[in-house]
Amino acid sequence: MSQPAAKSAKKIQAIRGMNDLLPGDSPRWQFFESKVRQLMARYGFDEIRTPIVEQTALFARSIGEVTDIVEKEMYTFEDRNGDSLTLRPEGTASCVRAAMEHGLLHNQTQRLWYQGPMFRHERPQKGRYRQFHQVGVEAYGFEGPDIDAEVILLSARLWQELGLTQHVTLELNSLGSAEARAAYRETLVSYFDQHREILDEDSLRRLSSNPLRILDSKNPAMAEMLENAPRLIDHLDQASREHFEQLKAMLDAAGIHYVINPRLVRGLDYYCRTVFEWTTDALGSQGTVCAGGRYDGLVEQLGGRPTPAVGFAMGIERLILLLDTLHLVPEEALGGCDIYLLPMDDAATFNALTLAEQLRSQLPELRLQLHCGGGSFKSRMKKADKSGARIALLIGEEERQTETVTLKFLREERAQQRHPQSVLKELLHDLIA
């Protein structure tokens, strides 16, 4: 009796909103990340790496229990010990926790940066995913507006080096002190109460828990009412007003253009005084590419000593999308190799392998790919062309006998050349420089 055919296993796919980064895309990320890494070193910021899983209480206490992130978006679960753990939805709280835990904030200042994946359960859309990646900057122990200016200048220099300066706009606001904000909150709630019939469902829910977030609503039906709402910037305490005026003067002196946006409040509870966003109109509705501000009370809120702090985060996916949209990733950064070393037959494989290692030792910056897997000469040349290399180095019977190599230019109309292997180091150095 014949056996029934086995059912084919169902293919396992990636979780929605959590994407693979394929080899064709990774050179763009490497280009962006190398720019960031070099810039952080130039500004004296040190890298910190924290776990992607933290105790849930860290984010509930820092971000705020009545924010959308904590209420709706966090990936939270119980481990086998019954502890509530969460995949980090942002990097600042983890950075503060690590700095406190390891004594980095005790009688000292710190300039730190990080990059890595964050997680939020929200509707995936272009440039906004459930697993997304951020670069973040955090500075601790600095009270004055000069550090606010410096982190903004750092981000402005990154835009300059990426070619984005003309495509982004800096928006600024000040949230003042906690006391000034509490008094303003009462004024704002009173105003919204008078316009309840205009408020949408989200805004009504926020009215008692987080009314400042209503100001950030994109609902067009509420636009006119929000435009006429009392402005926080008109209710600042004197110290915050002076801080903000000094920051603006510093940015003016540095030639940084900005727009005051009195409705800019940021979505996290821990912000105070300076808040800012870099926005673009090149990506449709997903316009914010970098955002941050001051959070002077967060360290104390998490159990540490009062410590002034300021920082920002930028979404890598959204910035890569922006660079692609504007065609700003240089061609030479898009991967591929410089040289494809091709044994013309199987007998030349040993010589090619030896020469490849020799060239890699002599020219560490050389991107050299060795043909492996045999095949006809025609198929080998097809792979050489597909590699994206500028030059193929060919080794056949004659080259083996004479210790030479044939250079074939794959992207230029130039005649083949044959050279002794002994001069390849200098020759290739000049050709790929």
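Residues numbered from 1 in each chain as written. Predicted model: local features only at pLDDT ≥ 70, side-chain atom pairs only at ≥ 80, totals over all residues. Heavy atoms only, no water.

*Asks:* Sorry, what's going on with the overall build of the protein here?
*Replies:* Along the backbone of the protein there are 15 helices and 16 strands. Dimensions along the principal axes, computed over C-alpha positions, put the protein at roughly 90 × 80 × 45 Å. Expressed as a percentage of contacts within the protein between residues at least 6 apart in sequence, the contacts between residues at least 24 apart total 69%. When the accessible surface of the protein is summed, it comes to about 22400 Å², and 49% of that surface belongs to carbon and sulfur atoms. Separation of charge centres in the protein, based on 51 positive and 61 negative side chains, amounts to 6 Å. (Helix = DSSP H or I, 4+ residues; strand = E, 2+ residues; numbered from the N terminus. Contact = heavy atoms within 4.5 Å. Areas by Shrake-Rupley, 256 points an atom, 1.4 Å probe, with all protein chains shown as cover. Lys, Arg positive; Asp, Glu negative; His and termini not counted. Charge placed at Lys NZ, Arg CZ, Asp CG, Glu CD.)

*Asks:* How do you make sense of the pattern of salt bridges when you look at a structure like this?
*Replies:* Working definition: two side chains of opposite charge can pair if their charged atoms are close together. Inspection of the entire model under this criterion finds 23 salt bridges. Its salt-bridge partner being Glu-47, residue Arg-37 comes within 3.0 Å of it at the nearest N-O pair. Here the residue Arg-37 occupies a position in helix α1 (residues 26-42), and Glu-47 occupies one in strand β1 (residues 46-47), the gap between them amounting to ten residues. A salt bridge links Glu-357 to Arg-360, with the shortest nitrogen-to-oxygen separation between them at 2.7 Å. (Salt bridge = Lys/Arg side-chain N within 4 Å of Asp/Glu carboxyl O.)

*Asks:* Help me understand helix α7 (residues 201-209), please; the structure alone is not making it clear to me.
*Replies:* For an α-helix, 3.6 residues make a turn, and residues three or four places apart therefore share a direction. Among the residues of α7, those classed as buried are Ser-203, Arg-206 and Leu-207. Around the axis of α7, the buried residues are gathered within 120 degrees of arc, so they sit on the same side. Exposed and oriented more than 90 degrees from the buried face of α7 are Glu-201 and Ser-208. (Buried < 20%, exposed > 50% of the residue type's maximum accessible area, 1.4 Å probe, protein only. Arc of directions from axis to C-beta.)

*Asks:* Would you take a moment to explain the packing of aromatic side chains for this structure?
*Replies:* Aromatic ring pairs are described here by two measures, namely the spacing of the ring centres and the angle between the planes. In the structure shown here, the tally under the stated rule is four aromatic pairs. Centroid distance Tyr-140 to Tyr-295: 6.2 Å. Interplanar angle 85 degrees. Geometry classified as edge-to-face. A residue pair is termed long-range when its members are at least 10 positions apart, and Tyr-140 in strand β6 (residues 131-140) and Tyr-295 in the loop between β10 (288-294) and α10 (298-301) qualify at 155 residues. On the basis of relative accessibility, which here comes to 0%, the residue Tyr-140 falls in the buried class. Judged by relative accessible area, which is 1%, Tyr-295 ranks as buried. A cation sits over an aromatic face here: Arg-414 above Phe-409, 4.1 Å from the ring centre. (Phe/Tyr/Trp six-rings, centres within 6.5 Å; stacked < 30°, edge-to-face > 60°. Lys NZ or Arg CZ within 6 Å of the ring centre and 35° of its normal.)

*Asks:* When you look at helix α11 (residues 316-325) in this model, what are you seeing that I'm missing?
*Replies:* Of all ten residues in α11, seven are buried, a share of seventy percent or more. Listing the buried residues of α11 in full gives Ile-316, Glu-317, Arg-318, Leu-319, Ile-320, Leu-322 and Leu-323. On its buried side, α11 packs onto α1, β5 (110-119), β6, α5 (145-162), β10 and β11 (309-315). Of the residues one or two after α11, His-327 is the one with positive phi, at around 55 degrees.

*Asks:* Hey, could you run me through the nonpolar core in this one?
*Replies:* Where a protein is soluble and globular, its nonpolar side chains tend to be buried together. In this structure, Phe-32, Trp-159, Leu-170, Leu-172, Leu-251, Trp-278 and Met-314 are the most contacted members of the largest nonpolar core, which totals 47 residues. The greatest single-element share of this core, amounting to nine residues, is contributed by α5. When residues no more than four places from it in sequence are discounted, the contact partners of Trp-159 are Leu-164, Thr-165, Val-168, Trp-278, Val-289, Cys-290, Met-314 and Leu-319. Membership of the second largest hydrophobic core comes to 41 residues, among which are Cys-95, Leu-112, Leu-232 and Tyr-270. (Core = buried A, V, L, I, M, F, W, Y, C linked by side-chain atoms within 4.5 Å.)

*Asks:* Looking at this structure, how should I read the confidence of the model for the protein?
*Replies:* Any residue range with low pLDDT should be treated as having predicted coordinates unsuitable for detailed reading. Summarising the model, the protein shows a mean pLDDT of 88, and 95% of its residues fall at 70 or more. Element-level mean pLDDT values for the protein span from 66 in helix α3 (residues 68-73) up to 97 in α5. (pLDDT = per-residue confidence, 0-100.)

*Asks:* Hey, could you run me through the packing of α5 against helix α9 (residues 238-253) in this one?
*Replies:* Axis angle and axis distance: for two packed helices, these are the angle between their axes and the distance between the axes, and together they describe the pair. Orientation of α5 relative to α9, taken along the N-to-C sense of each, is 40 degrees, at an axis distance of 9 Å. With respect to their mutual orientation, α5 and α9 come out oblique. Both α5 and α9 take part in a crossing whose hand is right-handed. Along the contact surface, α5 presents Pro-145, Asp-146, Asp-148, Ala-149 and Ile-152, while α9 presents His-243, Gln-246, Leu-247, Met-250 and Leu-251. (Axes fitted to C-alpha atoms, helices over the stretch in contact; angles between N-to-C directions. Parallel < 35°, antiparallel > 145°, perpendicular 65-115°, else oblique. Left-handed = near helix turned anticlockwise from the far one by under 90°.)

*Asks:* Would you take a moment to explain the environment of Gln-416 for this structure?
*Replies:* You can see Gln-416 is positioned in the loop between β15 (404-409) and β16 (417-420). Residues Gln-416 and Lys-382 lie 34 residues apart in sequence; the distance between their C-alpha atoms is 17 Å.

*Asks:* Which parts of the structure should I look at to understand the state of the cysteines?
*Replies:* Scanning all chains against the criterion turns up zero disulfides. Of all cysteine sulfurs, the one in Cys-95 lies closest to Cys-272, which takes part in no disulfide; the gap is 16 Å. Taking relative accessible area as the criterion, Cys-272 reaches 10% and is therefore assigned buried. The closest cysteine sulfur to the non-disulfide-bonded Cys-372 is located on Cys-337, 12 Å from its own sulfur. (Disulfide = S-S within 2.5 Å.)

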